[in-house]
Amino acid sequence: MSISSSGNANLTGEDQSKGGGIATTQNQSLSVGYNAAPQSVGIMNSFLGYQVALYSRTGSYNVVVGGESALRLASSYNCVIGYSSATSLVGGGATTVVGALAGATIVSGRANTLVGCAADVGAGNVEDAVAIGSASSVGAKGGVAIGAGATAGGALSLAIGAGAQTASEGEINVMNRVCGYRAAQSNKYTLELNADLTRLGGALSFPGPSSWAVFGDVASKDLVFLSEDGVSTRLTGSFRPGVLNFTGQHRCRVAEGEDLLALRPGAVVVATGAYCDLDGCEDLLDVDEALPVVTLCRRARDPRVFGVPHSAPKKTTPAAPAAPQPSPAASAAPAPE
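I will try to describe carefully the structure that is included in this document. Just so it is clear, the model here is predicted, and its values are computed rather than measured. As a convention, each chain's residues are numbered from 1 in the sequence order in which they are written. Given that the model is predicted, a residue must reach a pLDDT of at least 70 before its local features are reported, and side-chain atom pairs must reach 80 or more before they are shown or counted; all residues, however, enter totals for whole chains, interfaces and linings. Each side-chain value is worked out from all heavy atoms of the structure, with water and hydrogens disregarded.

## Observations regarding the pattern of salt bridges
Thinking step 1. Take a side-chain nitrogen of Lys or Arg and a carboxyl oxygen of Asp or Glu: if they are within 4 Å of each other, that pair is a salt bridge. Here the structure, examined in full by the defined rule, presents six salt bridges.
Thinking step 2. Of the charged contacts in the structure, one is a salt bridge between Arg-234 and Asp-217, with a shortest N-O distance of 3.1 Å. Highlighted residues: Arg-234 in strand β23 (residues 232-235) and Asp-217 in the loop between β21 (212-216) and β22 (223-227), separated in sequence by 17 residues.
Thinking step 3. Residue exposure (1.4 Å probe, protein chains only): buried if accessible area is under 20% of the type maximum, exposed if over 50%, otherwise partly exposed. Of the residues examined, Arg-234 reaches a relative accessible area of 44% and is grouped as partly exposed.
Thinking step 4. Among the ionic pairs, Asp-302 bridges to Arg-304, the shortest N-O distance being 2.9 Å.
Thinking step 5. Residue classification places Asp-302 among the buried residues on the basis of a relative accessible area of 5%.
Thinking step 6. Within the structure, one salt-bridge network assembled from shared partners comprises Asp-217, Asp-222 and Arg-234. By definition, any uninterrupted DSSP run of H or I lasting at least four residues is a helix, any uninterrupted run of E lasting at least two residues is a strand, and each is numbered from the N terminus.

## Remarks on the environment of Phe-225
Thinking step 1. Tracing the backbone through its elements, the reader meets Phe-225 in strand β22.
Thinking step 2. Overall, Phe-225 belongs to the partly exposed group, its relative accessible area being 30%.
Thinking step 3. Remark: the alpha-carbon pair of Phe-225 and Ala-213, spanning 12 residues in sequence, is separated by 5.9 Å.
Thinking step 4. Residues contacting Phe-225, with those up to four places away along its chain left out, are Trp-212, Ala-213, Val-214, Val-231, Ser-232, Thr-233 and Leu-235. Residue contacts follow a heavy-atom distance rule, with two residues in contact if any of their heavy atoms lie within 4.5 Å.

## Description of unusual backbone geometry
Trans peptide bonds make up most of the peptide bonds, and negative phi angles are found at most residues other than glycine.
Thinking step 1. A positive phi angle, near 50 degrees, is found at Ala-70, a position not held by glycine.
Thinking step 2. Within the secondary structure layout, Ala-70 lies in the loop between β6 (63-65) and β7 (79-81).
Thinking step 3. In this structure, Tyr-77 takes a positive phi of about 60 degrees despite not being glycine.
Thinking step 4. For Tyr-77, the position within the fold is in the loop between β6 and β7.

This is the structure we're talking about:
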């Protein structure tokens with residue numbers, strides 16, 4: 001096979017010196033450019049540029065474009081594009097480098113993606129890094145730096161924005177507006193938001209032993225606090241401090257033997273004079289959890305009237321942790337005099 005190259009004699013396969021302009025080999029590789037990959041014996045490689053892969057011998061399935069780039073390449077599945085890029089890359093593999101002078105430090109790291117003039121890693125063995133932007137850099141495994149001059153110094157850290165920097169593992173810096181980091185003393189992760197106004201398109205969730213979600217109700221325009229059990233509290237935008245409606249609530253316990261079916265919302269209950277705690281114990285009561293024991297009012301004008309049940313108690317549990325109270329507890333509000 002004869003291929004013509006401007007300024008050079010025709011070359012035929014491996015019969016001609018690779019020091020010319022274009023060479024093809026029996027291992028399905030292509031070299032284009034003066035002294036391009038003269039020693040490479042890998043298969044399915046494509047080399048284009050002046051002295052590209054000059055000292056490379058092994059490595060297959062690579063694409064290298066750019067004068068004096070990937071000079072010492074010895075691994076596979078790499079894509080290197082740009083003048084004098086990845087000049088020290090030897091091992092690793094599966095790395096993409098695009099941009100003049102990019103990847104100058106990388107030696108044996110694998111699965112890195114570096115895009116931008118002089119985009120680089122902080123050490124030769126860094127892996128799984130992503131640096132996008134002129135002079136962006138990643139200093140540890142799994143870091144991501146996006147933006148001109150952005151630097152992700154910690155492992156699995158994220159720096160987004162021109163000049164944004166991170167230094168510790170898992171740290172986040174988005175244009176110096178959103179910052180996340182793990183506190184050295186408590187080891188708890190902190191997220192800071194530096195903004196004059198913050199708008200959320202969905203619910204804000206607080207996971208934990210008792211999860212909560214905070215969101216704006218589109219229909220009512222209320223701010224809603226919703227627990228994982230479906231209990232909600234609302235803040236309304238139409239609130240006027242001068243107009244208040246208040247109904248007191250108090251958790252209660254239903255007296256033993258009371259007909260739970262009769263304790264429907266709207267019924268009237270009376271206090272028996274006894275008290276118990278949240279677990280139904282009547283001894284050693286704490287003032288902060290003393291619950292009145294109530295029963296259905298069956299006498300007209302009974303002076304012991306305590307209130308009106310908010311909801312019917314249930315038989316599934318012996319005590320209720322919240323108003324309205326599951327069986328045998330009941331929640332009642334004071335009745336008007």
